[in-house]
Amino acid sequence: MEIQGRIIAVLPMKSGRTAKGEWKVQQYVLETDDKYPKRLLFDLFGENKIREFDIQQGDFVTVSFDPDAHQKDGRWFGSNRAWDVRKG
């Protein structure tokens, strides 16, 4: 999926360690420029992608992402994992 809008929030980076090594994830809030604006929380996974896209609050971006939902211990969780971000 793809969406365009302005970054209105950059949330604190999260990190951790698994058996496969260290991981980092950065979350962002995008607001569309529609008559009735919509907001989307999306994330970038991996330090390389976070540095490559260098997203800052106020940037106007086009985000390509994959929505996902999964269940764990009877609870549902969702995410919007971005795989490409273009500024402008």
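Everything quoted here is computed from the prediction, not taken from an experiment.

The next point concerns the pattern of salt bridges. Scanning the entire structure with this criterion turns up eight salt bridges. In this structure, Glu-47 engages Lys-24 in a salt bridge whose closest nitrogen and oxygen atoms are separated by 3.9 Å. Of the two residues, Glu-47 is situated in helix H1 (residues 47-53) and Lys-24 in strand E3 (residues 21-31); the sequence distance between them amounts to 23 residues. Within this structure, Glu-2, Asp-84 and Arg-86 form a network of salt bridges that share partners.

The subject of this paragraph is the confidence of the model for the chain. Of all residues in the chain, 100% have pLDDT values of 70 or greater, and the mean over the chain is 97. Least confident of the elements in the chain is strand E2 (residues 14-18), whose mean pLDDT is 95; most confident is strand E1 (residues 2-10), at 98.

For the rest of this paragraph, the subject is the layout of surface pockets. As a volume, the largest pocket reaches approximately 190 Å³. In terms of lining, the largest pocket is formed by Lys-14, Thr-18, Trp-23, Val-25, Gln-27, Leu-41, Asp-43, Phe-45, Gly-78, Ser-79, Asn-80 and Arg-81. The set of elements that each furnish at least two residues to the lining of the largest pocket consists of E2, E3, strand E4 (39-45) and strand E6 (75-87).

Once that is clear, we can look at the packing of aromatic side chains. Considering all chains together, one arrives at two aromatic pairs under this definition. With a centroid separation of 6.3 Å and 15° between ring planes, the pair formed by Trp-23 and Phe-45 is classed as stacked. Placement of the pair is Trp-23 in strand E3 and Phe-45 in strand E4, with a sequence separation of 22 residues. On the basis of relative accessibility, which here comes to 28%, the residue Trp-23 falls in the partly exposed class.

A few words on the pairing of E6. Taken together, the twelve bridges between strand E5 (residues 60-72) and E6 define a ladder with antiparallel strand orientation. In the strand pairing of E6, Val-63 is matched with Val-85. Remark: two residues form the turn of the hairpin made by E5 and E6, two consecutive strands paired antiparallel; Asp-73 in that turn has positive phi of roughly 55°.

To continue, consider the environment of Trp-83. Considering the arrangement of structural elements, one finds Trp-83 in strand E6. Given a relative accessible area of 46%, Trp-83 falls into the partly exposed group. C-alpha separation for the pair Trp-83 and Pro-37, spaced 46 residues apart in sequence, amounts to 23 Å. Excluding residues within four positions of it along the chain, Trp-83 makes contact with Lys-49, Phe-53, Ser-64, Phe-65 and Asp-66.

Criteria and thresholds
- Residues numbered from 1 in each chain as written.
- Predicted model: local features only at pLDDT ≥ 70, side-chain atom pairs only at ≥ 80, totals over all residues.
- Heavy atoms only, no water.
- Salt bridge = Lys/Arg side-chain N within 4 Å of Asp/Glu carboxyl O.
- Helix = DSSP H or I, 4+ residues; strand = E, 2+ residues; numbered from the N terminus.
- pLDDT = per-residue confidence, 0-100.
- 1 Å grid on protein atoms, 1.4 Å probe; cavity = no way out; pocket = protein on both sides within 12 Å on 5 of 7 lines; lining within 4 Å.
- Points joined across faces, edges and corners; volume = space filled by probe spheres on them.
- Phe/Tyr/Trp six-rings, centres within 6.5 Å; stacked < 30°, edge-to-face > 60°.
- Buried < 20%, exposed > 50% of the residue type's maximum accessible area, 1.4 Å probe, protein only.
- Pairing = 2+ DSSP bridges.
- Contact = heavy atoms within 4.5 Å.

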